[in-house]
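# Chains, contacts and geometry: an overview
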Amino acid sequence: MPSFPPVIFLLLVFIPSVLSAPVTSLTNDYYQETCPDFSKIVREVVTTTQGPQGRTAAGILRLFFHDCFLEGCDASVLIAKDALNKSERDDEINHSLTEETFEIVTRIKTALEKSCPGVVSCADILAQSTHEAVTMIGGPSYEVKLGRKDGCESKARKVGENLPLPNHTVHEMMSLFQKKGFTLKEMVALSGAHTIGIAHCKDFICRVTGPRPDLDIDAEYAEVLKSQCKDYTVVNETRGSFFDPVTPDKFDNMYYKNLENGRGLLASDNILFKDNSTRPFVELYANNQTVFFEDFARAMEKLGMVGVKVDKNGDVRLRCDNLNKPKEAILRV
Ligand code: HEM
């Protein structure tokens, strides 16, 4: 069973990284003068588009995570490809980010551009809408600081080296999280996001079928997954399963309880319980939702600060899926 040597474990758990030093120019009331209805508008759009079983919330939360882990929380994940550039969205791992989620962001941006043109960044829209989405399905509230600027680069080739994969070990996942300034405990807390949403069969099918099925997985649960993926082929990839089949529409600590019962969907979920270094945190969160909510909230605040661009390091894009034309960018300096 892989685990970290004790000294490294302590360092990973307790030493906060300089990479996550707070960006002091972000503030809670950044749009108070320039766009006073900012949060209200974001909340209205997210509420009215809340799909069944937490699907909307799950889509937004994952989009935010994938944005922040690549080039920082700068909305680079929203940029569409063009003839000269394959953007982050074009990398295979991001193909499963849902079209509906991108449309929600567009709807919010359109409403904001009507109310306060050229003021609110797409990066702040992502940060605020994630907060609305999480709280709307029962998750914890946390502070969302504002004033991020949008990035001007989005490269598909950078995705793979920055995002965790379902077959990663704890060590591999941790090296990515550590680069962004997170401790081991924070990584386990953030993984609690898998209390909502789905994964497609391709991400877990080999755990229940094939020559080497995963023996950690609860037998009854394995049968359920097999039947959910029975029509799955590499051509028809649409089949999938809820991360948390018990309370799929609720943000709670059921994810961790499922892990304890051999009902983690991805190998990367299961391994958090299997590995000695992360199991204590899984047990802590499974036993105490209040502590999970508290830690998840603080980790989300930190996630929202990763690689943030401020002032002239970024831009306020007029369309979230497109870079500003040079003239528009100049006007905004
Ligand atoms: C720790 C390592 C992680 C790995 C290996 C991982 C991997 C994955 C995979 C493979 C999927 C399924 C994609 C699909 O088939 O559609 C998924 C979904 C999801 N992930 Fe993660 N993830 C990780 C951490 C996180 C974190 C930190 C967050 C947010 C803070 C997050 C939020 C989500 C959500 C909400 C979904 C469901 C999306 C939906 O239903 O549309 N994940 N993740």
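Since this is a predicted model, take the numbers as computed values, not measurements.

The next point concerns the packing of aromatic side chains. Scanning all chains against the criterion turns up 16 aromatic pairs. Taking 5.2 Å as the distance between ring centres and 55° as the angle between the ring planes, the aromatic pair formed by Tyr256 and Tyr285 counts as tilted. Note that Tyr256 is positioned in helix 10 (residues 254–260) and Tyr285 in helix 12 (residues 279–287), a separation of 29 residues in sequence. The same class applies to Tyr256 as to Tyr285, namely buried. These aromatic residues form a ring-pair network of at least three members: Phe251, Tyr255, Tyr256, Tyr285, Phe292, Phe293 and Phe296. Across the ring face of Phe69, the terminal group of Lys180 is positioned such that the distance to the ring centre comes to 5.8 Å.

Our next topic: the packing of helix 6 (residues 170–179) against helix 7 (residues 184–191). Contact pair helix 6 / helix 7: the axes reach a minimum separation of 10 Å and the direction vectors enclose 100°. Viewed along their axes, helix 6 and helix 7 adopt a mutual orientation that is roughly perpendicular. Of helix 7, the residues touching helix 6 (which contributes Val170, Met173, Met174 and Phe177) are Leu184, Met187 and Leu190.

Turning our eyes to something else, we now look at the pattern of salt bridges. If the charged atoms of two oppositely charged side chains come close together, the side chains can form a pair. This model, assessed by the stated rule, comprises 19 salt bridges. Between Asp214 and Arg207 there is a salt bridge, and its shortest N-O distance comes to 3.1 Å. In this structure Arg207 comes out as buried when scored by relative accessible area, which is 5%. Of the charged contacts in the structure, one is a salt bridge between Arg263 and Asp218, with a shortest N-O distance of 2.9 Å. With Arg263 in the loop between helix 10 and helix 11 (267–274) and Asp218 in the loop between helix 8 (205–208) and helix 9 (219–228), this residue pair connects regions lying 45 residues apart in the sequence.

Right, let's talk about the environment of Thr47 for a bit. Within the fold, Thr47 resides in helix 2 (residues 38–48). Judged by relative accessible area, Thr47 falls into the partly exposed class, the value being 42%. In this structure the C-alpha to C-alpha distance between Thr47 and Met136, which are 89 residues apart in sequence, comes to 7.6 Å.

Let us now look at the site of the ligand. The environment of the ligand is made up of 23 residues, and the closest members are Arg55, His194, Ile198, His200 and Asp203. Between His194 and the ligand, the recorded distance is 2.9 Å, taken from a side-chain N or O atom to a nitrogen atom. With respect to the ligand, the backbone of Ile198 contributes an N or O atom lying 2.9 Å from an oxygen atom. Going through the elements one at a time, helix 3 (55–68), helix 6, helix 7 and strand 1 (198–200) are the ones with two or more residues in the shell around the ligand. No other element matches the five residues that helix 3 contributes to the shell around the ligand. The residue inventory of the shell around the ligand, partitioned by class, reads 13 nonpolar, seven polar and three charged. Composition of the shell around the ligand by domain shows at least three residues from each of domain 1 (21–161 + 304–331) and domain 2 (170–299).

The rules behind these values
Residues numbered from 1 in each chain as written. Predicted model: local features only at pLDDT ≥ 70, side-chain atom pairs only at ≥ 80, totals over all residues. Heavy atoms only, no water. Phe/Tyr/Trp six-rings, centres within 6.5 Å; stacked < 30°, edge-to-face > 60°. Helix = DSSP H or I, 4+ residues; strand = E, 2+ residues; numbered from the N terminus. Buried < 20%, exposed > 50% of the residue type's maximum accessible area, 1.4 Å probe, protein only. Lys NZ or Arg CZ within 6 Å of the ring centre and 35° of its normal. Axes fitted to C-alpha atoms, helices over the stretch in contact; angles between N-to-C directions. Parallel < 35°, antiparallel > 145°, perpendicular 65-115°, else oblique. Contact = heavy atoms within 4.5 Å. Salt bridge = Lys/Arg side-chain N within 4 Å of Asp/Glu carboxyl O. Near = heavy atom within 4 Å. Polar contact = N/O pair within 3.5 Å; in protein donor to acceptor, adjacent residues only side chain to side chain. Nonpolar A, V, L, I, M, F, W, Y, C, P; charged D, E, K, R; others polar. Domains from an automatic or database assignment.

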